[in-house]
Amino acid sequence: MVTDKVIHFPAQKKPISQKGKEWRKQNIDAAEDYAFNRHEGLRKSIRNKQINYDLYSDILDQGDIERTCNPFKLQNLTAPASIQNYPIANPKIDLLVGEALKRKLDIRVSVSNPDAISQKEKQLKERFSALLMEQVKADSLNEEDFKKKLADFERWRTYEFQDHREEMATHILNHLQKKLKLDQKFAKGFKDVLLVAEEIYQVDIVAGEPIMERLNPKYVNVIRSGESPYIEDADVITIRSWYSPGRIIDEYHEELTPTEIDMIEKGSFGGDADGDQQLIGDRKPVNLDPETFDPSWWDNGDFGNVFDDDGNIRVVKVYWKSRRKMLKVTSINKFGNEVVTLEDENYKINPELGEKAKVLWINEWWEGHKIGGSSVQGDNRAIYVRMQPRPVQFRNMENPSKCSPGIIGTIYQTNDNGSVSLMDRMKPYQYMYNILMYRTELAIAKNHGKIMSLDLARVPENWKIDQWMSFAQGMNLAVYDSFKEGNKGAATGKLAGGQQLPTPVIDMEMGNTIQLYISMLQYIKNELGEISGVSSARQGQISSREAVGNVEREVIQSSHITEYWFAEHQATQIRVLEALLETAKYAWKDKDNMKVQYVLDEGSTVMFELDGQQFNEADYDIMITTGSMNDNLRESLKQLAHAGLQNQMINFSQLLDILTTNSVSAIKRKIEKAEEDSMQRAQKAQEQQAQMEQAQMQQAAQIEQAKMQAEVDKQLRELEDNQKDRENAILIKQLELQAKASIDTSSENLEKLRLEAQKLAQDVELKKGELSEKVRSNKAKEENERKKIEAQKMLKRQSTK
């Protein structure tokens, strides 16, 4: 809404000495007045947001119904009062919110400032040097083991390595995610995206602890945000809400005086402080310009009241970007180097140390809270608290002027055009569906089938209707008396009803109309699925005649249409988590060795120690992995894990560990670890099998060698026995020859005996040679068998490797 009313915002380029209490009140009142009279052009109006929220809650806006039912703006034509909402758009919204809930955040934090990165590189070098020194000092250098250690080091460096601050920051975010229930809050914010094309969160410190809350987009106004779709880029942010007196005292008890607590307790803003507690305030607007005031805002109780209908008190929180005077001081240190520092405006320059100063004006966020009262109603008895610079500025170490108020939000718009939500796109189809359903109900109510008309003048005289109906129903005979009326007066003798007779049957059948309406309703449903990107197949409404491949392709294509919403939502989540981490840095900067623990989804407990000073030293970047690709990959990896169980690649405990893990990278590493363990088990089993086979072969060889040795021994014994027999035969022959020689001593006979003895000796030597050759052959055969067994063992070991 645009107004011609000029609203002046106080000057911000002032030293701190000029930013007194009145200046701070003027900032709060000006921001409140501006928010009351207009809204930013990129955002939808409060009325539009309320209509969308109501439509999701089955509350129809009568003005929209009138525009749908009466597009020609005819006079005295109003929409039926009994029309109701048939929420065909709600399942689309709920399905996308459910998908967002299933996209679990896999958070990983890394340092971003150069000093911290340099320290991280130094740690990597030291770790790698230690690995090399360990190998150098080892007694024996195994090349295969060294390659395996290098591969493990590279995997650890790529996937797991974090320095102590990164590990601590990652644990802190995971702890806060569980403690603050960020998943549910982000899901509610995503529903805001789908309904009103905005999601807004606030990060703050309450009771020394970091918190994150989702804000209602209806109650957040921004000033001077330009064409930026980010809420935190605005110069002024106003948040209005309704608090119970108890909640106000809980949140502001340290800032409230006893008199102010009495005002809150008794509801005496502008009234009698000694009276009873006021529950409902005066809801009549005072002197409001009808050209700039939207009555629907008043009806919703958004502005102009100290109390709502239930007695809750109006609280306005204003955050604005002011200017802070700083001194950029340049000096020379003891080493002769130039040093530049940023000092407060009250810093005293010391020329003797060679200090020079340059005045800088940097941005600084302020806040102020207004309880009760209303500048619109002219009620100045409001309570102003926390009028101060924001404790957490979310500054960047490289750019001290860059800061944030801790309110993070995104407007889902294109370029400089206004935002359009998914509900805005589905709303015309929702209204058309409601109108057609109403007309279908009327058609069904008016559907009486075919009705027979009966001219009583033609019913025979003295017949009653039930008598005539009995003939008609029992005998299918309709009895008429054409002369009944012709027996009276001047009409005697004439046919009754000489005029044209009416149609005997009145057709009250509305079947074709009802069928037409039903077809149109189905058409609207299909169009709604096309427009929203959530088809019936994606909702699980699949016909048995549809092919599996076609359904899968339809679901994938449908997910491409809605992926934009998830991508923008993920970018917003990263910004919120970065702000939450910065808030935790400030809230816990003085914590030393604080013990923190949280429970993971699978039930395991993680404990870590928080060093607030070390945690506060670095800037951090946050990476989260989620999205449809990761969801599909996660499900595929879990299915592969089932296949691994069937193929004995993993065991049940590893499968349960994988199924309870939401991180894709963690699932990947666990599957890789399971594969390595399986390969090691298989290799160990093969080695054991090879050892068993080798032992069996050795045992068989020993048995065979023993058999061969026994056979050789047997042969040797047989040869020895034969040798003895021969020697005995030779001795007997010699005795016989000696006996013969004693008888015949002639030279011829002696020569003959000598030759026979020589031949016998040669036969003995030949037999000895044959025996020795046989023994050598058996030993050679035994050696060949031994070498063959050794060769088989070597081949077995090579195949195992």
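These notes cover the structure that comes with them. (Residues numbered from 1 in each chain as written. Predicted model: local features only at pLDDT ≥ 70, side-chain atom pairs only at ≥ 80, totals over all residues. Heavy atoms only, no water.)

A few points about the nonpolar core
Across soluble globular proteins, nonpolar side chains show a tendency to be buried alongside one another.
Then, number 1: In this structure, Ile-93, Leu-96, Phe-190 and Leu-194 are the most contacted members of the largest nonpolar core, which totals 40 residues.
Then, number 2: Elements represented by at least two residues in this core include exactly helix H2 (46-56), helix H4 (90-102), helix H8 (182-196), helix H12 (422-446), helix H14 (511-532) and helix H15 (548-587).
Then, number 3: Among the elements that make up this core, the one with the highest residue count is H12 (10 residues).
Then, number 4: Setting aside residues no more than four positions away along its own chain, Leu-96 makes contact with Phe-190, Leu-194, Leu-422, Val-534, Arg-538, Thr-562 and Phe-566.
Then, number 5: Core analysis: the next-biggest nonpolar cluster, separate from the first, contains 31 residues, Ala-169, Val-203, Leu-581 and Ile-622 among them. (Core = buried A, V, L, I, M, F, W, Y, C linked by side-chain atoms within 4.5 Å. Buried < 20%, exposed > 50% of the residue type's maximum accessible area, 1.4 Å probe, protein only. Helix = DSSP H or I, 4+ residues; strand = E, 2+ residues; numbered from the N terminus. Contact = heavy atoms within 4.5 Å.)

Notes on the environment of Ala-382
Then, number 1: Tracing the sequence through the fold places Ala-382 in the loop between strand E8 (356-371) and strand E9 (383-389).
Then, number 2: Those residues within four positions of Ala-382 in sequence are excluded, and the remaining contacts are Lys-370, Ile-371, Gly-372 and Gly-373.

Brief notes about the sheet that holds strand E2 (residues 198-206)
Then, number 1: Across the sheet, which stays open at both edges, the 3 strands sit in the order E3-E2-E10 with antiparallel pairing between neighbours. Here the strands that pair on one side only, and so sit at the sheet edges, are strand E3 (209-215) and strand E10 (407-411). For this sheet, the mean inter-axis angle between neighbouring strands, taken without regard to orientation, is 15°.
Then, number 2: Helix-sheet contacts for H8 involve E2 and E3, and the interaxial angle to E2 is about 145°. (Pairing = 2+ DSSP bridges. Axes fitted to C-alpha atoms, helices over the stretch in contact; angles between N-to-C directions.)

Considering the packing of H2 against H8
Then, number 1: Two numbers describe how H2 lies on H8: the axes approach to 9 Å, and their chain directions differ by 110°. As summarised for this structure, H2 and H8 are arranged roughly perpendicular, according to the angle between their axes. Only Lys-191, Asp-192, Leu-195 and Val-196 of H8 make contact with H2, whose side of the interface consists of Lys-49, Asn-52, Tyr-53 and Tyr-56.
Then, number 2: In terms of residue class, the contact of H2 with H8 is built from 4 nonpolar, 1 polar and 3 charged. (Parallel < 35°, antiparallel > 145°, perpendicular 65-115°, else oblique. Nonpolar A, V, L, I, M, F, W, Y, C, P; charged D, E, K, R; others polar.)

Thoughts on the packing of H12 against H14
Then, number 1: In contact at an axis separation of 10 Å, H12 and H14 are set at 170° when each is read in the N-to-C sense. One way to sum up the angle between H12 and H14 is to call them roughly antiparallel. Contacts from Leu-422, Arg-425, Met-426, Tyr-429, Met-432, Tyr-433, Leu-436, Met-437, Arg-439, Thr-440, Ala-443 and Ile-444 of H12 reach H14 at Ile-514, Tyr-517, Met-520, Leu-521, Ile-524, Lys-525, Glu-527, Leu-528, Ile-531 and Ser-532.

All quantities given are derived from atomic positions and should not be read as evidence of function.
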